[in-house]
Each structure stands twice: as structure tokens, then as C-alpha cells.
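One letter stands for each residue in the lines below.
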Amino acid sequence: MSNAKKLQKELTWKFPTAFSNKKITEKAVNDFAAEYRKYLDSCKTEREFVTYAGSFLEKHGYREFRKSDYTAPSGKAETSGKKAPAPGDKLFFVNRNKALVMCTIGKKPLNEGLRITVSHVDSPRLDLKPFPVSERNEIAYLKTHYYGGIRKYQWVTIPLALHGVVAKDDGTMVTVNIGEDPEDPVFYITDLLPHLGQMQNELKLKDGIKGEMLRAIGATLPYRSDRDDGRKDDKKEDKKEDKRDSEDCVKDAVKLNLLRLLNEKYGFTERDLLTAELSLVPAQKAREVGLDRSLIGSYGQDDRVCAFGAFRAELEAKKPEYTTLTVFADKEEIGSYGPTGMSSDFMLHFIEDLAEVCHGDVNTILRASNALSTDVGAAFDPNFASVYDEENSCKINHGCVLTKYTGARGKSGSNDASAELMSMVSRIFSKHNVTWQIGELGAVDAGGGGTVALYIARFDISVVDLGVPILAMHSPFELAAKYDIYSLYQAVQAFYK
Ligand code: MN
Ligand code: MN
């Protein structure tokens, strides 16, 4: 080797690819990806994630965390006869059916700090408006108000499924799911045919499809009482003609037909829709992409990909050194507001309660804790190279991505992790053979974005962003590499050891 080459090897740094990591087998990566695809297909909303995760908890020894089940603060231990949680104990807390905290008690005292990861389980989508059903020109539409940052033109001409809940006046909750079963109908937003698109083509990309145009076709046939719809009508035959005449006069008969079908399936009315949370999400299933099947394509990988890795690592934690706290939050895509988002104190309240039953001191615990804000990164895309700084962007197949800062312009709105924390996390990864890379969101003036990192930092907790590189983020069908998905899981496992 020449001197120059030797020196180059010594002084410069290049991240290895994830598939060159000899410690992981192709089989492990593929098995993990197969599980991941099933998970993606059953978790398209934050509520569905909480339901999915909930189905594993008991089997893995988690119990719902209630302060009253443990030792009361100082002095009352003997009388109550209750013990503090012991190393290896597993606890969980569900926040309003939309967020989840999981925890495995570690060997070190709580005052030495927690190892925390926070992922979000909401994704951009089209929420139904309170009065969603609207008839125009004999077509009944479902009007939507988009949730999170979407490029509106991407949401037309794709099959959409309806997911969510309706909270009825009698207090019951009805779960809605239409469009996932292959035999189900789907919903659909039209776009203009190219033949008549001349004027639309001249518009800016952001104006081609406007928010109010994101209304999906829900039905096109009018309600007719003479159709055998199972409704009781004794005098049907005699009065058939009369009825037809009068029903021809009913305004918005297609809307009525759509409401009738919903009512038959779920028993609710237009009034019930006012107190519902219903969303249209892409109806496609997760698929392998590329002849080599190296990628997973799916809706909602931001950020359910990180949630999956963190969830699996948390489930497998046995008796970690530090107590783990694995948080799955809602509302990140609209700014983390609301009681289930990270700007609420639900995570702090869990830590406070835990501190109380473990005889720890809350401020000492928070100050000593380290957190990973696990959220996806923007993978370098050769198709759009100019909005990235290639050397500082994460690349698919190069492992999970550690991101020191996000934000916009001059790092505005960023947590900007410390050199000490970056180094500590990278040492953990080296020790456990985790393939990782570094990544900025994109070129300096190209735009920006944020994660929940700042909502963790505000509690006096050290935090850095870690994620999976994603192509076409926030689109109805996002791409992630199987090796990177696996390496995020390994990274959280290492962090929890
Ligand atoms: Mn995200
Ligand atoms: Mn996002």
C-alpha cells in the first residue's frame, strides 16, 4: 500500500453498508421484514398500533402500571405489604387508546437514569370532516381534511380504505374498517384526464390538487325503496309506484343511500359521524420492492418502522442494566399537540409515578436519563440530488441513521444533540456491531422538519434522533430498506442492554 493510501485509510472515514455486516444474516433480516409487513398491514392508525401492541403485552409478562399496586412512599411499605418493582418486571400504560408506554425495570437504581426511546405511531392521512357525506351531481362524496404534511397530488387515483372509530351517544364505540379485505370496496379521489389537463398542467405542483378537492367517491346510486334492501315494508307491492314517485323528489338520494349502507353495516347515522374519528388511508398492503426484494414499500412507515424496532427490542428486554422506557406517541405529524402527543406530560407522569414506587428522585432520574428520539430520516434520492448534501445525507442500505440536529434554516426548532451524547451512542453501537450512519435532513436551504426530540429534551433528558432512511417520505407508499429496518431494531436492542 502506498503511503498516500495508508494515510487516506487512517485519516478519512466512510460508513460501511449494512449488508456487509457479518454479524447479521440475510435470513434474520428477511424474517424480521416478513413480520414487519404483517404489522404494517394491521396498524394503519395510532389506535390500531395500540391494539396490536396490546395483544402481545400479557404474553410477554407486562402488567398495567398502577401506582397503588406498589409500595406507597416512605414508611407505608410494611403496612401495605406491597413490593416495589424488581429488575426484569415489565409494566405498561395506555394513554387514551392512542399512545403507549412500556417499561422494563433495570438492575441499576432508577436514580442512575432511564434508557428511553420515543417513536410516533400516527402517520399523514385524510381525516373525514365532521359532516363528511356530501352529494354533488349525483355522486356522494366523503369530504376530508388532511392530517399531517402531505403532497396532495399523491393522494388521488389510489385505492383508499376507511379506518377509525365512531363514539356513539349511548357511550358505545364502533370500530370501522372498510377497504382492507380484498372483497371490500375501496374509496377513490379522481384526477383530471390528461386530455383536459392543459390548464392544470400550468399550475404549480402544490395547486394542482387543492385541499377541498380531496373528497373521495363514496357511492353513486340513489336510495330506492323498491330495491330489496332487507327493510320491512308490508305494503311495498301495492304502493310501489306511489313511493317511487315521492322518492324521486328526495333531495340527495345518493347521499341517503350511502348513509343507509353505513347504517346497515355499523348502525350509525350522520349525527354519529359528528363524534367520530374516521380516516382514509392507502388501501394497499406492504410489499417487497425490487427484484432483489431489498426494500419494503408501504403506507405509514414514518414512523411505524421505528416503532416496530423499538417495540420488538422492548419486548425482548430481560433484565437490562438501566430501566427501559419505550414510548409510542400520537400526533407527531401535526406538532405533537393534544394529550396523546409528546407535548403532553404523559411520559413525565409515568416517570414520576415510577420514581415514587421505586423510591427514586424524579429530577435526579431525568437528569441522568438518555433518550433516542426514534423517527425516520430522509434518504438521499438520486432523482432529487439537489435538495440533499450527499456527503451528509443518510443512504438506504447503510443502516440506521443518527441525526444530531433537524430543524429548518439555521437549525431552527432543533434539539441539536451534544457531542458527548453522540459519542456515547456511537460507542454503544460499535460495541454491539450495529451498522449506523450519520444524516442531515437535507441541503441547508431546501426546507426542514422536526421530531419529538425537543419534547423529550424539555424534561432535562439528553436526547438524540435515530431513525431509518426513507425514500418518498409522507407519500402513500414509502420505501425503506430491509437491512436498515433491522439495524434500527439492533440499535435499540444495544441501547437497552
Ligand atoms: Mn416521523
Ligand atoms: Mn413525518
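Just above sits the structure.
Thresholds, definitions, all that
Residues numbered from 1 in each chain as written. Chains lettered and ligands numbered in written order. Predicted model: local features only at pLDDT ≥ 70, side-chain atom pairs only at ≥ 80, totals over all residues. Heavy atoms only, no water. Pairing = 2+ DSSP bridges. Helix = DSSP H or I, 4+ residues; strand = E, 2+ residues; numbered from the N terminus. Axes fitted to C-alpha atoms, helices over the stretch in contact; angles between N-to-C directions. Contact = heavy atoms within 4.5 Å. 1 Å grid on protein atoms, 1.4 Å probe; cavity = no way out; pocket = protein on both sides within 12 Å on 5 of 7 lines; lining within 4 Å. Points joined across faces, edges and corners; volume = space filled by probe spheres on them. Nonpolar A, V, L, I, M, F, W, Y, C, P; charged D, E, K, R; others polar. Core = buried A, V, L, I, M, F, W, Y, C linked by side-chain atoms within 4.5 Å. Buried < 20%, exposed > 50% of the residue type's maximum accessible area, 1.4 Å probe, protein only.

Teacher, can you tell me more about the sheet that holds strand β16 (residues 400-403) here?
In any sheet, the strands associate via hydrogen bonds between backbone groups, in a parallel or an antiparallel arrangement. Reading across the sheet, the nine strands line up as β1-β2-β3-β13-β4-β14-β20-β16-β18 and stay open at both edges, with mixed pairing between neighbours. In the strand order of this sheet, the two ends are held by β1 (62-64) and β18 (436-438), each with one partner. Across the sheet, the mean angle from the axis of one strand to that of its neighbour is 25°, orientation sign disregarded. Where strand β4 (residues 114-120) meets strand β13 (residues 323-329), seven bridges bridge the pair, whose relative direction is parallel. Within the sheet, the bridge partner assigned to Thr 117 lies in β13 and is Thr 326. Strand contacts of helix α11 (residues 346-357): β2 (90-95), β3 (99-104), β4 and β13, with the helix running at about 155° to β13, the strand carrying the most contacts.

Which parts of the structure should I look at to understand the layout of surface pockets?
In this structure, the largest pocket spans a volume of roughly 1,400 Å³. Ala 378, Leu 441, Gly 448, Gly 449 and Met 473 are the residues nearest the centre of the largest pocket, which is lined by 48 residues in total. Elements supplying a minimum of two residues to the lining of the largest pocket: β15 (377-378), β16, β17 (407-408), β19 (448-449) and β20 (462-467). Element by element, the count of residues in the lining of the largest pocket is highest for β20, at three residues. When the residues that make up the lining of the largest pocket are grouped by side-chain class, the tally is 21 nonpolar, 17 polar and 10 charged.

Help me understand the side chain of Gln 490 in this model?
Relative to the assigned elements, Gln 490 resides in helix α15 (residues 482-495). The contact partners of Gln 490, leaving out residues within four places of it in the chain, are Ile 24, Asn 433 and Val 434.

In this structure, what is going on with the nonpolar core? I would like to understand it.
If you look at soluble globular proteins, the nonpolar side chains tend to sit buried side by side. If you look at the biggest cluster of nonpolar residues, it comprises 59 residues, and the most contacted ones within it are Tyr 39, Phe 49, Leu 100, Met 102, Phe 328 and Phe 429. For this core, the leading source of residues is α15, giving nine residues. Setting aside residues up to four positions removed in sequence, Met 102 forms contacts with Leu 57, Tyr 62, Leu 91, Phe 92, Phe 311, Glu 314, Leu 315, Thr 324, Leu 325, Thr 326 and Phe 328. Of all hydrophobic cores here, the second largest spans 34 residues; its members include Ile 158, Ile 189, Ala 216 and Val 281.

Sorry, what's going on with the environment of Val 387 here?
Along the chain, the position of Val 387 falls in the loop between β15 and β16. For Val 387, a relative accessible area of 36% corresponds to the partly exposed category. Val 387 sits 360 residues away from Lys 27 along the chain, and the two C-alpha atoms are 35 Å apart. Setting aside anything within four residues of it in sequence, one finds Val 387 in contact with Gly 442, Ala 443 and Ala 446.

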